[in-house]
Amino acid sequence: MRSYKAKMVEPIRLPSREEREAALEEAGYNAFNLDSRDVFIDLLTDSGTGTMSADQWAAMIRGDEAYAGSESFHRLAESVRDVMSFEYVIPTHQGRGAENVLYGTLLEEGDVVPNNSHFDTTRAHIVNQGADPIDCPSPAARDPDSTEPFKGNFDIDAGWALVEEVGEDAIPVVALTITNNSVAGQPVSMANIEAVAEFANDIDAMFVIDACRFAENAHFIKEREPGYEDVSIADIAREQFAHADAITMSGKKDALVNIGGFTAMRDEMVYEHAKQRAILYEGFSTYGGLSGRDIDAMAVGLREAVTPPYVEERVGQVAELGDLLSERDVPVYLPTGGHAVYLDASEIFPHIPKEQYPGQELVCALYLEGGVRGVELGGFAFPGTDRPDLVRLALPRRTYSYEHLEHIADTAEAVLEHADEYTGLEIVEEPPMKELRHFSAKLQPVSN
């Protein structure tokens, strides 16, 4: 039973099959180009799409809209210190703003940045600095059926092999994404966080955590890692960050807000340099492109994210959807992660070759069959990589009911039943920066 009740509702409508077909064709077979009014259940992302709490809405009323030194900023900084243990905080308009500020400060042409797996905007910001993002995922990450509890881990052996290849001096930053979004939202163990911190220290690199879903990761450590069974989510969260030098954060995830983010660090010199970049790209360093009310809501959300029973229910709903899909024999990446269920498109469409984007075809099929919008995170979203063709169904926080989950599962089952009718896609238009092509490219069905 959920520990909250609804205080506001929004009507939604399932467009007819004919309407969905027309909308998808007009969108160039890219779900990012669909209008929200044409979508019945929106699982494109969990970023900024969830439901805020009554306390967060109350906090917005007291937002201090001062350009510099607002009380809202000081409340956010206090939350970051209490929840995440970082002294220096720079707010930004969202997570990619934090990436631009921090990586634009730390990286230069020719640098190399290893990560357990870079997400799309992270990869793009590193490339934009002339640096090279390298994935070092756990070997278990390649097996969607493995039940290993921490498939999101950083492969330390791969990290050392990279050092042997490029040299220590080429690696100024070692990054870690918790949970590992590009590897099906899989968690990272505390032991691995410690090992990555030691690895970064050994090569004199800064250790940066992408903290978007830090509370979900802390939940999995509590549930799966021996020795943490009786430790609170809040204490586990602080311990995760105790090993890091800096973080980037999208507040639209585990700060439970519709907009906002920040970067935080321990080194005052890095802070001073990053602050100047933030002023150039985001706004003055105490508002970062945000209104005071949004900053206040983020300050409250950070604290709520580590408070029971929020995160248990959040992860539990994702597991519910995973169970419903598995009961219908839909191929699901296991175990389910913290924020989304990932479908294995190569298993659903074994007849569609990788170069015809089976994952993107699955995104289109889910929309055609039931008005469900997901996102491809395989060869289409990450060109030039060997990422598996997964489709992410990201659940907005505290938004959909069990009946919605059943509709999602029934839709995926219908796609599976008609899988041989789908033929794959080809790109007909894409932007110059291919690392971000999935946001705006247009495709068309491959002719038989």
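Anything mentioned here points back to the structure above.
Our subject in this report is the structure included herewith.

Attention now moves to the overall build of the chain. Helix and strand content of the chain: 15 helices and 14 strands. Relative to the 2.2 N^0.38 estimate, which gives 22 Å for 448 residues, the radius of gyration of the chain is 21 Å and therefore close to what a compact globule would have. Along the first, second and third principal axes, the C-alpha atoms of the chain reach 60 × 55 × 45 Å. When each of the 448 residues of the chain is scored for burial, the buried share is 59%.

Here we take up the pattern of salt bridges. Inspection of every chain in the model, using the stated rule, returns 24 salt bridges. In this structure, Glu216 engages Arg397 in a salt bridge whose closest nitrogen and oxygen atoms are separated by 3.6 Å. Highlighted residues: Glu216 in helix α8 (residues 214-224) and Arg397 in the loop between β12 (390-394) and α15 (402-417), separated in sequence by 181 residues. The exposure classification of Glu216 matches that of Arg397, with both residues buried. Among the salt bridges present, the one from Asp235 reaches Arg238, with a minimum N-O distance of 2.5 Å. Taken together, the residues Asp235 and Arg238, both in helix α9 (residues 233-242) and 3 residues apart, mark about one turn of the helix. Accessibility expressed as a relative area gives 39% for Asp235, which makes it partly exposed. Via salt bridges that share partners, Asp46, Arg213, Glu216, Asp254, Arg314 and Arg397 belong to a single interconnected network.

In space, the 3 strands of this open sheet follow the order β9-β12-β11, with antiparallel pairing throughout. Edge positions in the sheet fall to β9 (340-344) and β11 (375-376), since each of these pairs with one other strand and no more. Taken strand by strand, helix α12 (residues 310-327) contacts β9 and β12, and its axis lies near 25 degrees from that of β9. Contacts from helix α14 (residues 358-370) reach β9, β11 and β12 within the one sheet, and its direction differs from that of β12 by about 40 degrees.

This next bit is on the nonpolar core. Membership of the largest hydrophobic core comes to 63 residues, with the highest contact counts inside it found for Met84, Phe214 and Phe262. In this structure, Met84 is in contact with Ser79, Ala211, Phe214, Phe241, Ile247, Met249, Phe262, Arg266 and Leu302, ignoring residues within four places of it in sequence. Ranked by size, the runner-up nonpolar core spans 46 residues in total, among them Ala31, Val330, Val391 and Ala441.

On to a negative patch on the surface. Side chains of Glu168, Asp169, Glu198, Asp202 and Asp204 sit close together on the surface and give a patch of like negative charge. Checked against the element boundaries, Glu198 lands in helix α7 (residues 190-202).

The peptide bond linking Ile178 to Thr179 adopts the cis configuration, its omega dihedral lying at -15 degrees. With respect to the element layout, Thr179 can be found in the loop between β5 (173-177) and α7. Geometrically, the link from Pro308 to Pro309 is a cis peptide bond, its omega value of 0 degrees lying close to zero. Structurally, the position occupied by Pro309 is in the loop between α11 (292-305) and α12.

Moving on, we get to the environment of Ala59. As for its position among the elements, Ala59 is in helix α2 (residues 54-61). Sequence separation between Ala59 and Asp296 is 237 residues, and the spatial gap between their C-alpha atoms is 5.7 Å. Among all residues touching Ala59, those that are not within four sequence positions of it are Asp296, Ala297 and Val300.

Turning our attention to the packing of helix α3 (residues 71-84) against α11. The geometry of α3 relative to α11 is characterised by a closest axis approach of 8 Å and an angle of 20 degrees between their N-to-C directions. Classed by the angle they form, the pair α3 and α11 counts as roughly parallel. The interaxial crossing formed by α3 with α11 has left-handed handedness. Side by side, α3 and α11 meet where Ser72, Phe73, Arg75, Leu76, Glu78, Ser79, Val80, Asp82, Val83 and Met84 of the first sit next to Gly292, Ile295, Asp296, Met298, Ala299, Leu302 and Arg303 of the second. Here the contact of α3 with α11 is built from residues that sort into 9 nonpolar, 3 polar and 5 charged.

Of note, Met60 is situated in helix α2. Note on Met60: relative accessible area 16%, which makes it buried. The spatial distance from the C-alpha of Met60 to the C-alpha of Gly292 is 7.7 Å, given a sequence separation of 232 residues. Among residues more than four places away in sequence, those in contact with Met60 are Met52, Arg293, Asp294 and Ala297.

Turning to the side chain of Ser291, a few remarks are in order. Residue position: Ser291 is located in the loop between α10 (268-281) and α11. On the basis of relative accessible area, Ser291 is assigned to the buried category, the value being 16%. One polar contact links Ser291 to Asp294, side chain to side chain, over a distance of 2.8 Å.

Moving on to the pairing of strand β6 (residues 206-210). The two faces of the sheet receive side chains in turn, since in a regular strand these alternate between them. Judged by how many residues are buried, β6 sits mostly within the fold: 5 of 5 residues are covered. When β5 meets β6, the two strands line up parallel, connected through 5 bridges. Considered in β6, the bridge of Thr177 is made with Asp210. Across 3 bridges, β6 lies against strand β7 (residues 246-250) in parallel orientation. Each residue of the ladder has a partner; that of Ile209, found in β7, is Ile247.

The next subject is the sheet that holds strand β2 (residues 88-92). Read from one edge to the other, the open sheet built from 5 strands follows the order β2-β8-β7-β6-β5, with strand pairing classed as mixed. Of all the strands in the sheet, just β2 and β5 have a single pairing partner and so form its edges. Strand-to-strand, the axes of this sheet are offset by a mean angle of 15 degrees, without reference to chain direction. Strand contacts of α3: β2, β7 and β8 (261-265), with the helix running at about 120 degrees to β2, the strand carrying the most contacts.

Quick notes on the rules
- Residues numbered from 1 in each chain as written.
- Predicted model: local features only at pLDDT ≥ 70, side-chain atom pairs only at ≥ 80, totals over all residues.
- Heavy atoms only, no water.
- Helix = DSSP H or I, 4+ residues; strand = E, 2+ residues; numbered from the N terminus.
- Rg over C-alpha atoms; globule rule 2.2 N^0.38 Å.
- Buried < 20%, exposed > 50% of the residue type's maximum accessible area, 1.4 Å probe, protein only.
- Salt bridge = Lys/Arg side-chain N within 4 Å of Asp/Glu carboxyl O.
- Pairing = 2+ DSSP bridges.
- Contact = heavy atoms within 4.5 Å.
- Axes fitted to C-alpha atoms, helices over the stretch in contact; angles between N-to-C directions.
- Core = buried A, V, L, I, M, F, W, Y, C linked by side-chain atoms within 4.5 Å.
- Patch = residues over 30% accessible without salt bridge, like charges linked within 9 Å, V, L, I, M, F, W, Y side chains within 5 Å.
- Areas by Shrake-Rupley, 256 points an atom, 1.4 Å probe, with all protein chains shown as cover.
- Lys, Arg positive; Asp, Glu negative; His and termini not counted.
- Charge placed at Lys NZ, Arg CZ, Asp CG, Glu CD.
- Parallel < 35°, antiparallel > 145°, perpendicular 65-115°, else oblique.
- Left-handed = near helix turned anticlockwise from the far one by under 90°.
- Nonpolar A, V, L, I, M, F, W, Y, C, P; charged D, E, K, R; others polar.
- Polar contact = N/O pair within 3.5 Å; in protein donor to acceptor, adjacent residues only side chain to side chain.

None of the figures reported here should be taken as evidence of function without further support.
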